[in-house]
Amino acid sequence: EPYSPTRNYDYGDVVRVGLDRYVCLEFPYGLWCKSPSYQPGLVNGIWNNAWRQDGVCQCDPTQSPTMMDDVTTSPTLLPQSPS
């Protein structure tokens, strides 16, 4: 789901910013996931103290997630290229 500065995130929560996927870190670092100041993906931000980049979603960032009956799906991740 897309990141929302009004949501109360907790350890292990997964969010999307654009096509980038982020996971809230474990205790004690994940305590900062609740703070909009630590929004994942901000350039020169402190977000990496609370979030870990976890790949790229193969989805349209303008689409909202849809509910599907009796179907379990999981996101497909693309491998990251070396920096």
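Below is a summary of the structure that appears in this document. In this text, all values refer to a predicted model and were calculated from it rather than measured experimentally.

**So, the overall build of the chain**
Helices and strands together make up the secondary structure of the chain, namely zero helices and three strands. Shown N-terminal to C-terminal, the secondary structure of the chain runs as helices and strands in the order β-β-β. Split into buried and exposed, the 83 residues of the chain put 24% on the buried side. Long-range pairs, those at least 24 residues apart, make up 44% of the contacts in the chain between residues at least 6 apart in sequence. As displayed, the chain has an accessible area near 6000 Å², and 52% of this comes from carbon and sulfur atoms.

**Quick look at the sheet that holds strand β1 (residues 14–17)**
Ordered by their spatial adjacency, three strands build an open sheet running β1-β2-β3, and the pairing between neighbours is antiparallel. Two strands bound the open sheet, and with one partner strand each, they are β1 and β3 (51–56). The sheet shows a mean angle of 35° between the axes of neighbouring strands, taken without regard to direction.

**Side note on a nonpolar patch on the surface**
Taken together, Tyr11, Phe27 and Leu31 make up a surface patch of nonpolar side chains, about 310 Å² in accessible area. Tracing the backbone shows Phe27 in the loop between β2 (20–24) and β3. Overall, Phe27 belongs to the exposed group, its relative accessible area being 57%.

About the thresholds
Residues numbered from 1 in each chain as written. Predicted model: local features only at pLDDT ≥ 70, side-chain atom pairs only at ≥ 80, totals over all residues. Heavy atoms only, no water. Helix = DSSP H or I, 4+ residues; strand = E, 2+ residues; numbered from the N terminus. Buried < 20%, exposed > 50% of the residue type's maximum accessible area, 1.4 Å probe, protein only. Contact = heavy atoms within 4.5 Å. Areas by Shrake-Rupley, 256 points an atom, 1.4 Å probe, with all protein chains shown as cover. Pairing = 2+ DSSP bridges. Axes fitted to C-alpha atoms, helices over the stretch in contact; angles between N-to-C directions. Patch = residues over 30% accessible without salt bridge, like charges linked within 9 Å, V, L, I, M, F, W, Y side chains within 5 Å. Salt bridge = Lys/Arg side-chain N within 4 Å of Asp/Glu carboxyl O.

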